[in-house]
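Descriptive structure summary
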Amino acid sequence: MYNRAFLFNGIGPKYEKLLAKLTPEMTEQYQAYYSKACEHLGLHKDIEKNHGYDAKIAEWLVPFVCDRVIFEKCIAQGILPDIGVGYSSGIVSATACFGSFPYEAAYDIVKTHRSMLIALDEQQVKLDTGIIVGFSYDDLLALLRSQFSEEELVIGSSNSSFHAMISGKAPAVEKAIELCTNEGALKAFRLGTGTAFHHEIMKQYSQEYIQYCHNVTYKDPKYPMLSVFDMSILDTAEKVAHENQINVYTQMRWDLALKELEKLGVKEFIDISANGSLSKLSRVKRGCRIYTFEDVCA
Amino acid sequence: MRELTNEIKAEIKDMIFDYYAEECEVEKSEINENTSLQDDLDSDSLMLVELIEMTAEKYDMDIKLQSIGKYMLKAPMNTMNDVIEMFYKVYQYGNDIIEQA
């Protein structure tokens, strides 16, 4: 029986916003871990002093280190997970925090995105993602399929009954934003990521990432995880490996993952992200509650 | 169309002020009808969704978010007064609010 689930956020929130939320004690811990991570990857620990692709990698590293600090804070306070689930690259954080591979592997995985960014630039591929607020998954899917092929655009993640991330070719994302706005989206905007995470097109640009996830050694996780792709329980090294391997190019169903956790008995959801971003886009049924790390630290 | 009494109007306005005060971590007394959602409260669309859900539950209504979205295309939400006026119309007209913009 599961009662408490830890939710791990992926790359996304601006790093300044994440760091602003940490307590002084946690900031100190963060700085120590971040310095070591940068040393491991050959990056400068001052984000601004990195250039080009390194600057992006240094930024993307921040949420992973924040997750680690917050996770350790929870554990130190006796708040233990019964199960965990990762949103996008939060899968990598969950894998590391749950001891399925070392934190250094998580940092290495972030760095494998460098070759993806280079490949996208060299081939001048224009990709993007966007956020649509105000449509159910079925309504949004019907609307998008009436105008776009799956090759052009997919729902990269259905986050809740009203919130989704779309992903695909940049012109299609832009057109979809306009379409959704006219059809009554409360909010629709491009994220300008230059990538199309959770679209199949990313497979060809993420070979280094996929290869790394194949080659790294996994252990059975200390706590089970739930797949955001097929809602299965991930309790062995092999299953966790597979979740990581398919991550960047497979559609997520965050909404269904949370529903599955509810079915498994979870009542307490702990948002491990520093800025509570998952608690904002997620919905759980009455009787369940999402706690942010500020709730936990209070 | 549902009747919008002065009592219901006061209740809706109070609910909206309470909600934004709590969500945006400001004193309720600091909020007035001219308060800017963006500049003064730094609010976002997810807050609005939650407020719509709360209203639907409180008044036992079935509100489609797209109806509100289409209304907002014609009547953008900039100030607290815009929000209050919209929720009055939501209460009165439900999903037919689009025709009231």
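Here the structure is shown first, and the text comes after it.
The following refers to the structure shown. (Residues numbered from 1 in each chain as written. Chains lettered and ligands numbered in written order. Predicted model: local features only at pLDDT ≥ 70, side-chain atom pairs only at ≥ 80, totals over all residues. Heavy atoms only, no water.)

1. Quick word on the pattern of salt bridges
Taken as a whole, this structure holds 18 salt bridges over all chains when the rule is applied. One salt bridge connects K73(A) with E25(A), and the closest N-O pair in it is separated by 3.5 Å. Of the two residues, K73(A) sits in helix α3 (residues 52-76) while E25(A) sits in helix α2 (residues 24-41), which places them 48 residues apart along the sequence. Bridged by salt links that share partners, the residues R283(A), E50(B) and E53(B) form one connected network. (Salt bridge = Lys/Arg side-chain N within 4 Å of Asp/Glu carboxyl O. Helix = DSSP H or I, 4+ residues; strand = E, 2+ residues; numbered from the N terminus.)

2. What about unusual backbone geometry?
All names here are of chain A. A positive phi angle, near 50 degrees, is found at Q124, a position not held by glycine. Looking at the element boundaries, Q124 is found in the loop between α5 (103-122) and β3 (127-133). Located in the positive-phi region is M231, a residue other than glycine, with phi close to 60 degrees. One can find M231 in the loop between β7 (225-226) and β8 (233-234). Given the relative accessible area of 16%, M231 is considered buried. (Buried < 20%, exposed > 50% of the residue type's maximum accessible area, 1.4 Å probe, protein only.)

3. Observations concerning the pairing of strand β10 (residues 268-271) of chain A
All names here are of chain A. Where strand β1 (residues 4-8) lies against β10, four bridges are found, and the strand directions are parallel. The residue bridging R4 from the neighbouring strand is E268, located in β10. Relative to strand β11 (residues 289-291), β10 runs parallel, the two sharing three bridges. Each residue of the ladder has a partner; that of F269, found in β11, is I290. (Pairing = 2+ DSSP bridges.)

4. Considering the packing of aromatic side chains
On inspection of all chains with the given rule, the structure shows eleven aromatic pairs over all chains. Pairing F8(A) with F98(A) gives two aromatic rings, centres 5.6 Å apart and planes at 85 degrees, and the pair type is edge-to-face. With F8(A) in strand β1 and F98(A) in the loop between α4 (90-97) and α5, this residue pair connects regions lying 90 residues apart in the sequence. F98(A) shares its class with F8(A); the two are buried. One aromatic cluster is present, formed by F6(A), F8(A), F71(A), F98(A) and Y223(A) through successive ring pairs. Above the plane of the ring of Y33(A) lies R68(A), whose end atom (NZ or CZ) is 3.6 Å from the centre. Sitting above the plane of the Y91(B) ring, R2(B) keeps its charged end 4.3 Å from the centroid. (Phe/Tyr/Trp six-rings, centres within 6.5 Å; stacked < 30°, edge-to-face > 60°. Lys NZ or Arg CZ within 6 Å of the ring centre and 35° of its normal.)

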